[in-house]
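Given next are the chains, with one letter for each unit.
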Amino acid sequence: PPVAPNVSQEPLFLTRPGARDLTKERIAFFCVPIKIGAKTIGALSADRLFADSVALEEDLRLLTILASLIAQAAKVRHDLDSERESILAENRRLKEALESGLKTPAMVGQSSGLKEVYSLIAQVAPTGLTVLIQGESGTGKELAAETIHLSSRRAGRPFIRVNCAALPEHLVESELFGHEKGAFTGAANRRQGRFELADGGTLFLDEVAELPSPVQAKLLRVLQEKRFERVGGVDTLSVDVRLVAATNRDLGPLVAEGSFREHLSYRLNVFSITLPSLRQRLDDLPILCEHFLAYWGHDLAHTTIDIRPEPLQVLKARPWPSNSR
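Rules and cut-offs
- Every chain is numbered independently, its residues counted from 1 as its sequence is written.
- It should be noted that, the model being predicted, local features are given only for residues of pLDDT at least 70 and side-chain atom pairs only at 80 or more, the latter also being counted only at that level, while totals for whole chains, interfaces and linings use all residues.
- Side-chain measures here rest on the full set of heavy atoms in the structure, leaving out hydrogens and waters.
- Only DSSP runs of H or I reaching four residues or more are called helices, and only runs of E reaching two or more are called strands; each is numbered from the N terminus.
- With a 1.4 Å probe rolled over the protein chains alone, any residue whose accessible area is under 20% of its type maximum counts as buried; one over 50% counts as exposed, and the rest are partly exposed.
- Put simply, a nonpolar core is a bunch of buried Ala, Val, Leu, Ile, Met, Phe, Trp, Tyr and Cys residues held in one set by side-chain atoms that sit within 4.5 Å of each other.
- In this analysis, two residues are considered to be in contact whenever any of their non-hydrogen atoms come within 4.5 Å of each other.
- Geometry of aromatic contacts follows a simple scheme: Phe, Tyr and Trp rings, the Trp one being its six-membered ring, pair when their centres are within 6.5 Å, and the pair is stacked under 30 degrees between planes, edge-to-face over 60, tilted otherwise.
- At least two DSSP bridges between two strands are needed for those strands to be called paired.
- Here, a salt bridge means any Lys or Arg side-chain nitrogen found within 4 Å of an Asp or Glu carboxyl oxygen.
- Interaxial angles span 0 to 180 degrees and are taken between N-to-C directions of axes, which are lines fitted to C-alpha atoms, for helices over the stretch in contact.
- Polar contacts, as counted here, are pairs of nitrogen or oxygen atoms within 3.5 Å of one another; within protein the pair requires one atom able to donate a hydrogen and one able to accept it, and residues that are adjacent in sequence qualify only if both atoms are side-chain atoms.
- The pLDDT score gives, residue by residue, the confidence of the prediction method on a 0 to 100 scale.
- For classification, angles of less than 35 degrees are called roughly parallel, those exceeding 145 degrees roughly antiparallel, those between 65 and 115 degrees roughly perpendicular, and all remaining angles oblique.
- Rotating anticlockwise by less than a right angle from the far helix to the near helix defines a left-handed crossing, while the corresponding clockwise rotation defines a right-handed one.
- Think of it as three bins: nonpolar holds Ala, Val, Leu, Ile, Met, Phe, Trp, Tyr, Cys and Pro, charged holds Asp, Glu, Lys and Arg, and polar takes everything else, Gly as well.

Visitor: Let's hear about the environment of Lys-75: which residues, and what values?
Guide: Counting through the fold element by element, Lys-75 comes out in helix 1 (residues 56-99). Overall, Lys-75 belongs to the partly exposed group, its relative accessible area being 41%.

Visitor: Pulling in residues and values, what's your account of the nonpolar core?
Guide: Most often, soluble globular proteins keep nonpolar side chains buried together rather than apart. Leu-176, Phe-195, Leu-203, Leu-205, Leu-211, Leu-219 and Leu-268 are the most contacted members of the largest nonpolar core, which totals 30 residues. For this core, the elements supplying multiple residues, two or more each, are strand 5 (159-163), helix 4 (169-177), strand 6 (202-206), helix 6 (213-225), strand 9 (242-247), helix 7 (251-257) and helix 8 (262-268). Broken down by element, the residue count for this core peaks at five residues, all from helix 6. Every residue in contact with Leu-205, bar those within four places of it in the chain, is listed here: Val-162, Cys-164, Leu-176, Leu-219, Leu-243, Val-244, Ala-245 and Ala-246. Counting residues in each nonpolar core, the second largest holds 20 residues, with Ile-121, Ile-133, Ala-145 and Phe-159 among its members.

Visitor: I'd like a description of the packing of aromatic side chains, backed by residues and values.
Guide: According to the stated counting rule, one finds five aromatic pairs in the structure shown. Relative to Phe-228, the ring of Phe-177 has its centre 5.6 Å away and its plane inclined at 45 degrees; by these criteria the two rings are tilted. With Phe-177 in helix 4 and Phe-228 in strand 7 (residues 227-229), the pair connects residues that are 51 residues apart, well separated along the chain. Residues Phe-292 and Trp-296 carry aromatic rings whose centres are separated by 5.4 Å and whose planes lie at 25 degrees to one another, so their mutual orientation is stacked. In this pair, Phe-292 and Trp-296 are both assigned in helix 9 (residues 285-299), four residues apart and thus about one turn of the helix distant. The class of Phe-292 is partly exposed, set by a relative accessible area of 29%. Three or more aromatic residues joined by ring pairs form one cluster here, namely Phe-177, Phe-195 and Phe-228.

Visitor: Residue-level account of the pairing of strand 10 (residues 271-274), with values.
Guide: Of the two faces of strand 10, the one lined by Phe-271 and Ile-273 is fully buried and the one lined by Ser-272 and Thr-274 carries no buried residue. Bridge analysis of strand 4 (residues 131-134) against strand 10 gives four bridges, and the strand direction is parallel. The residue of strand 10 that forms the bridge with Ile-133 is Ile-273.

Visitor: Could you give me a rundown of the sheet that holds strand 2 (residues 27-36), with the residues and numbers involved?
Guide: Two strands in a sheet stick together by hydrogen bonds in their backbones, pointing the same way (parallel) or opposite ways (antiparallel). If you walk across this open sheet you meet the three strands as 1-2-3, and the pairing is antiparallel. Looking at which strands have only one partner, the edges of the open sheet turn out to be strand 1 (3-4) and strand 3 (39-49). The sheet contact formed by strand 1 and strand 2 spans two bridges and is antiparallel. Counted as the bridge partner of Ala-4 is Phe-29 from strand 2.

Visitor: Tell me what's going on with the pattern of salt bridges, and back it up with residues and numbers.
Guide: Here the structure, examined in full by the defined rule, presents 20 salt bridges. The partner of Arg-249 in a salt bridge is Glu-210, and the shortest N-O contact between them spans 3.1 Å. In this pair, Arg-249 is assigned in the loop between strand 9 and helix 7 and Glu-210 in the loop between strand 6 and helix 6, connecting sequence segments 39 residues apart. In this structure, Arg-308 and Glu-310 form a salt bridge, with 4.0 Å as the shortest nitrogen-oxygen distance. Taken together, the salt bridges that share partners define one network made up of Glu-180, Arg-190, Glu-196 and Arg-230.

Visitor: A description of unusual backbone geometry should follow, citing residues and the corresponding values.
Guide: In this structure, Trp-320 takes a positive phi of about 50 degrees despite not being glycine. Position of Trp-320 relative to the elements: it lies in the segment after helix 10 (309-316). When its relative accessible area of 19% is taken as the criterion, Trp-320 is described as buried. At Asn-323, a position not held by glycine, the phi torsion is positive, near 55 degrees. Position of Asn-323 among the secondary structure elements: in the segment after helix 10.

Visitor: Summarise the sheet that holds strand 9; cite the residues concerned and give the values.
Guide: With parallel pairing, five strands are arranged side by side in an open sheet as 5-6-9-4-10. Among the strands making up the open sheet, the edge pair consists of strand 5 and strand 10. Along the sheet, successive strands turn relative to each other by an average axial angle of 20 degrees, direction set aside. The pairing of strand 5 with strand 6 spans five bridges and is classified as parallel. Bridge pairing links Asn-163 to Asp-206 in strand 6. Packed onto the sheet, helix 2 (residues 112-124) meets strand 4, strand 9 and strand 10 and runs at close to 160 degrees relative to strand 10.

Visitor: Could you give me a rundown of the side chain of Asp-59, with the residues and numbers involved?
Guide: Its location among the elements puts Asp-59 in helix 1. Overall, the relative accessible area of 19% leaves Asp-59 in the buried class. Among the polar contacts listed, one links the side chain of Asp-59 to the side chain of Arg-48, at a separation of 2.6 Å.

Visitor: Let's hear about the confidence of the model for the protein chain: which residues, and what values?
Guide: Averaged over every residue, the pLDDT of the protein chain is 85; the share at 70 or more is 89%. Looking across the protein chain, the model is least confident in helix 1, with a mean pLDDT of 80, and most confident in strand 4, with 97.

Visitor: Tell me about the packing of helix 9 against helix 10, residues and numbers included.
Guide: Between helix 9 and helix 10, the shortest axis-to-axis distance is 11 Å and the interhelical angle comes to 115 degrees. Here helix 9 is positioned roughly perpendicular relative to helix 10, judged by the angle of their axes. Handedness of the helix 9/helix 10 crossing: right-handed. Contacts from Leu-285, Pro-286 and Cys-289 in helix 9 reach Leu-312, Leu-315 and Lys-316 in helix 10. Among the residues forming the contact of helix 9 with helix 10, the class breakdown is five nonpolar, no polar and one charged.

Below, the structure is given as C-alpha cells:
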C-alpha cells in the first residue's frame, strides 16, 4: 500500500486527486488494494491531517481491515451473480427443451397458459424442491409431475405414483410406508412401501388432500427428517425421495377447518404450479384434436384424419367440465 506523509512534497502524487488545499495543512495520503485472492478489484484510499504524533500504521491497518470486508462482500455478490447466471442459463436450456417437446411427450399444447406451466417446470425440475401441483380434475397433473421427474437429475430413477383417493383409509399408511409380517390381519409377509420403492427417484402423491390425519403426521415427519418406520416395525428407514403432490382442492379452507395439517401444507407447497383448465386454453383444441385423431387413427389403420372447421367450432363452444380427460 502506498503511503505519502505529506502529499505536497510527494513527487508521485502529482495532485491528481484534486479537491485539496495543500497550502493550509499537511495532508497524509494512504491507499490499500481491495483483493479477491490474487486479483485486485479496486482500491480504498483516505486522507488525513498529519502531525508528528500521528501513527500512520494504525490508520493503514484500519483501512486494510475495511478493504478486506469490502472484498468479502464483493466476493459474495460475485458468487451470487455467477450462480444466478448459471441457474438462468440452465432454466433457459430446460425451457427450450420443454417447449420443443423433447421432455413433454404427453403434454400437448402451446397456449400461453400451458407455456407458463412449461416455464415453471423448467425452473423447479433441476432443484429437487417439493412441488404442489394444483388444478381441476383432468387437467394433466400427473403428466406435469412426470415431466418434472423426466427433466430432473432423478430421471433415470423410479417414478412412483400413488392415488391417495383410491386407497381405503386403513391401507394408506401401509401403501406408503410398507408393513412388517403380522403387522395386521392379512399381512402375511413384509412389504415395501411406495417411499422405499421410490428411493433415489420421485414419489407422486395424487389427491393428497384425501390423506387421513394420522398419515398426514407421518408424511410430515418423512418430509422433515427423510426417515420413517414400516407399519408394525421398529427399524427406522432413511430414503432419498423427491415428493411431488397434486390436488384438485384448495388446501387453505381444509387447513382452516382442521382436516388438513397446516405445517404439512407448508411443506408440500414449497413450489406451486397451477394447471389451467381446458376452458382457459381453448387455443389448444386444434392441437389436441390432431393429437387424439392421430392416436386413434393409428388403431383404425388411418394414416391421416382431418377435422373440419365446423365441428371444431362446436368443440370450442363446449363447457368442458372434465377438461382434457
